[in-house]
Amino acid sequence: MSSETKQILTTDGIPLEVSLKKAEKKNKIKAFLLVAPLLLFLFITYVFPIGEMFTRSVDDRMVTNMLPKTFKAMEKWDGKELPPEEVFVGFYSDFKVLVENQTQGKLGQRLNKEKNGFNSITKKLMRQIKRNKIDESQSIKEQIMKVHKRWRDVEYWQAIKRTAPPYTMAKYLKGMDMYFAADGSIAQVDEDRRIHRILWLRTLEIALFVTIFCFLMGYPIAHLLATLPMKYSNLLMICVLLPFWTSLLVRTASWMILLQQQGIVNDFFVLIGLVADNNRPEMMYNKVGTYVAMTQILLPFMVLPLYSVMKTISPSLMRAGKSLGGTPFVAFWKVYFPLTIPGIGAGCLLVFILAIGYYITPALVGGASGTLISNQIAYHMKSTLDWSFASAMGLMLLSGVLVIYWIYNKLVGVDNIKLG
Amino acid sequence: MALPSYTETRYRIWHYFYIAICTFVFFFLIAPLFVIFPLSFNAEEFLVFSEGMKRLDPDAFSFRWYHEMVYGTKNPWGLAAKNSFIIAIFATIGSIILGTLAALGLSSRHMPYKGLIMAVLISPMIVPLIISGVAIFFFMAKVGLAATHTGIVLAHIILGTPFVVITVTATLSGFDHSVTRAASSLGSNPVNTFMKITLPLILPGVISGGLFAFVTSFDEVVVVLFLAGLENTTIPVQMWTGLREQLSPTILAVATCLIILSTLILVTAELLRRRSERLRGINR
């Protein structure tokens, strides 16, 4: 039956279905071509470089490339007793090349990180090779072992073997205060040296509390802005928008002036007799400064989404709740509050995402006890130049942020972000 | 917010409490900005109100730091301001062009993988700046654009486009596509239709997105700190070094100028938003 149905044809004799599909495809390509320039630009300059951070963070090819013959010979070695003659021969020929290129120092430093004491014994071996003290016609193993007693220690050879894989997760472990122990298992850093875990926890804590403070302060004023008549609310909206548009550094600077020991906030505390004049509390360069400044700076990001949701709630709903016998509190809690939950979700997630990666404000007002993980990343980028560690920590932070971003996208949708 | 006369006392108390909280929060938001203003006219070199200022003694106030900002010897603000404006203007132009095109594509109902692509395009706004800074620095160093204006402009285009994409997409969401079809049916070619019909209608969104991009670039310090050499210093970088090292009132003079600038931008953005809503027929 269906085969007998005449196909609908367009005027040029092509079946309508085919023609429509063609048009649809053309439109798709057209739309995609408009997005393509930005997408391509972002992929080249942004998305791929972030991916490159990952290769940089796990890259450990230096030793792998320096000692190819050693690792080839080590494949057969079980790693329990001293390696056989071939391993020593391989190591000797690799090391001789390094000495000729004068790059053996790098190897010594890198191996020294794996096990203490490598730096001096590689130097010693280097001197022996330079003086042609090693006779290649005799057993290399015996001669190397004579250079220093550590070359007779199997643990040093095990350490070399551990550096064989071209990729390592060591930087990620370091970011969580862990490391690979001698036997290859994962061990914890001594308790008094666990700095990173404290930083992660502090970052989470500060981001969480800043979000809570922003919510507690933002909800009432968003409600006021949404319920006041237009001409008043427009004026008050400026109080929210002006800080939003003002430079971050200007706002941080004003907090530095306000919170300093001779600053206005302390003057005020002295005036009302809360503290003695000679005992002014330190409110900057610690957590207090970070909390206060970050809350004020991120508050607009809480108020704006809340406001846009509250604006859509009809006031008659509250009136209905009250007329049905609810007290104002009950009407608020049972009717109004549940309707604002989308706004609360959007605002809290946005503030939390922004707070967790904050850098400038904590660096200026945070001091030692108020700095966050971002500051540590910047420190390793600029001061210690351990870029692979900075990349590893950056990606650990990023993965956390992306999880929240994903939740945000599911709950709110990125295209619903409201600006101003 | 007058209360009806039948309100019970406890709700009356609660209401005044609520007003008090709101007043406090508004004060908390806006007051810090006004501290800078009087202190920038301080005649002395300290960042606290001097005794003379508290007595409103005219001698305690001066334009000294504004003079220092403009004419001071070896002062970096002139170069920084020039760089900031050049970088921000080019970054804004780049963001507007790329962002508007992308928003037009994203608003088409034929666009495949809309959600995913949108998430990628917005990501520079969400990813912590320090991570963006590290990634962009690696890229610029590799292609030899570190410590150049071009490198910083490109970095700021990355950070600015999400704002343009968001605002223009929002403007296009209320856009009546039958007007462009009408133009086409009357014989206009696509480019002409865009210039004469679409662009004038979405212009408020484009400009307000551009303002966001401008402010983002003008205020951005984290990425510039990674990328900039001495020649590429910008106002935020100078403020950052100033706040970390020698805290001089010149910074407050600069900050006052920045607050005035942001007030102007805020007024423009608000006017544009209202115009856009009027054009799209949204009455609030």
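Residues numbered from 1 in each chain as written. Chains lettered and ligands numbered in written order. Predicted model: local features only at pLDDT ≥ 70, side-chain atom pairs only at ≥ 80, totals over all residues.

Focus: the overall build of chain B
(1) Moving on: If you tally the helices and strands in chain B, you get 12 helices and 0 strands.
(2) Moving on: Beginning at the N terminus, the succession of helices and strands in chain B can be written as α-α-α-α-α-α-α-α-α-α-α-α.
(3) Moving on: A compact globule built from 284 residues should have a C-alpha radius of gyration of about 19 Å, whereas chain B, at 24 Å, is more than 25% larger.
(4) Moving on: For chain B, the spread of C-alpha atoms along the principal axes amounts to about 75 × 75 × 35 Å. (Helix = DSSP H or I, 4+ residues; strand = E, 2+ residues; numbered from the N terminus. Rg over C-alpha atoms; globule rule 2.2 N^0.38 Å.)

With respect to the overall build of chain A
(1) Moving on: Per the secondary structure count, chain A includes 19 helices and 2 strands.
(2) Moving on: For a compact globule of 420 residues, the expected C-alpha radius of gyration is about 22 Å, and chain A comes in at 32 Å, more than 25% above that figure.
(3) Moving on: Oriented by its inertia axes, the alpha-carbon framework of chain A measures out at about 100 × 100 × 40 Å.
(4) Moving on: Burial analysis of chain A (420 residues in total) assigns 35% to the buried set.
(5) Moving on: Within chain A, contacts between residues at least 6 apart in sequence are counted, and of these 66% link residues at least 24 apart. (Buried ≥ 20, exposed ≤ 12 C-beta atoms within 10 Å, placed from the backbone. Contact = placed C-beta atoms within 7 Å.)

Some words on the nonpolar core
Residues and elements named next belong to chain A.
(1) Moving on: Ranked by size, the top nonpolar core spans 156 residues in total, and within it Leu298, Val351 and Ala355 carry the most contacts.
(2) Moving on: Aside from chain neighbours lying at most four places away, what touches Val351 is Val210, Thr211, Cys214, Leu298, Phe301 and Met302.
(3) Moving on: With 21 residues, the next largest nonpolar core counts Ala73, Val87, Ile144 and Trp157 among its residues. (Core = buried A, V, L, I, M, F, W, Y, C linked by C-beta atoms within 7 Å.)

Quick word on helix α6 (residues 118-130) of chain A
Residues and elements named next belong to chain A.
(1) Moving on: With 13 residues, α6 ought to run about 18 Å at 1.5 Å a step, and its terminal C-alpha atoms sit 18 Å apart, in line with that.
(2) Moving on: The set of residues buried in α6 consists of Phe118, Ile121, Thr122, Leu125 and Met126. Buried residues of α6, seen end-on, are gathered within an arc of 145° and therefore sit on one face of the element. Among the exposed residues of α6, those pointing more than 90 degrees away from its buried face are Arg127 and Lys130.
(3) Moving on: If you follow the buried residues of α6, they end up packed against α4 (85-101), α5 (104-114), α7 (140-147) and α8 (154-162).
(4) Moving on: Following α6 by one or two positions, Asn132 adopts a phi angle in the positive range, close to 55°. (Expected span 1.5 Å × (residues − 1). Arc of directions from axis to C-beta.)

With respect to the environment of Ser84 of chain B
Residues and elements named next belong to chain B.
(1) Moving on: Mapped onto the fold, Ser84 is located in helix α4 (residues 77-107).
(2) Moving on: The class for Ser84 is buried, based on 22 C-beta atoms found within 10 Å.
(3) Moving on: Between the C-alpha atom of Ser84 and that of Val222, which follows or precedes it by 138 residues, the distance is 14 Å.
(4) Moving on: Excluding anything up to four places from it in sequence, Ser84 contacts Phe218, Thr234 and Ile235.

Quick notes on the domain arrangement of chain B
(1) Moving on: Per the domain assignment, the segments making up chain B are domain 1 (1-36), domain 2 (40-75) and domain 3 (84-279).
(2) Moving on: With centres defined by C-alpha atoms, the gap from domain 1 of chain B to domain 2 of chain B works out at 36 Å. (Domains from an automatic or database assignment.)

Overview of the interface of chain B and chain A
(1) Moving on: Contacts between the two partners involve 73 residues from chain B, matched on the other side by 70 residues from chain A.
(2) Moving on: Among the elements that line the side of chain B that touches chain A, the one with the most residues is helix α1 (residues 9-39) of chain B, at 14 residues.
(3) Moving on: In terms of residue class, the side of chain B that touches chain A is built from 61 nonpolar, 9 polar and 3 charged. (Nonpolar A, V, L, I, M, F, W, Y, C, P; charged D, E, K, R; others polar.)

A look at the packing of helix α14 (residues 287-310) of chain A against helix α16 (residues 328-356) of chain A
Residue and element names in this part refer to chain A.
(1) Moving on: Packing of α14 against α16 leaves a shortest axis separation of 8 Å and a crossing angle of 155°. In terms of orientation, α14 lies roughly antiparallel with respect to α16. Between α14 and α16 the crossing geometry is right-handed. Of the residues in α16, those in contact with Met294, Leu298, Phe301, Met302, Pro305, Leu306, Ser308, Val309 and Met310 of α14 are Thr340, Pro342, Gly343, Ile344, Ala346, Gly347, Leu350, Val351, Leu354 and Ala355.
(2) Moving on: Residues of the contact of α14 with α16, tallied by class, amount to 15 nonpolar, 4 polar and no charged. (Axes fitted to C-alpha atoms, helices over the stretch in contact; angles between N-to-C directions. Parallel < 35°, antiparallel > 145°, perpendicular 65-115°, else oblique. Left-handed = near helix turned anticlockwise from the far one by under 90°.)

Some remarks on the environment of Ile131 of chain B
(1) Moving on: With respect to the helices and strands, the residue Ile131 of chain B is situated in helix α6 (residues 129-142).
(2) Moving on: Taking the C-beta count within 10 Å as the criterion, Ile131 of chain B has 23 such neighbours and is therefore assigned buried.
(3) Moving on: For Ile131 of chain B, the contacting residues outside a window of four places in its chain are Gly394, Leu397 and Leu398 of chain A.

Overview of unusual backbone geometry
Residues and elements named next belong to chain B.
(1) Moving on: Phi at Tyr113 takes a positive value of approximately 50°, unusual for a residue other than glycine.
(2) Moving on: Looking at the element boundaries, Tyr113 is found in the loop between α4 and α5 (114-126).
(3) Moving on: Its identity is not glycine, yet Ala147 carries a phi of approximately 60°, on the positive side.
(4) Moving on: Counting through the fold element by element, Ala147 comes out in the loop between α6 and α7 (149-173).
(5) Moving on: Judged by the 15 C-beta atoms lying within 10 Å of it, Ala147 is partly exposed.

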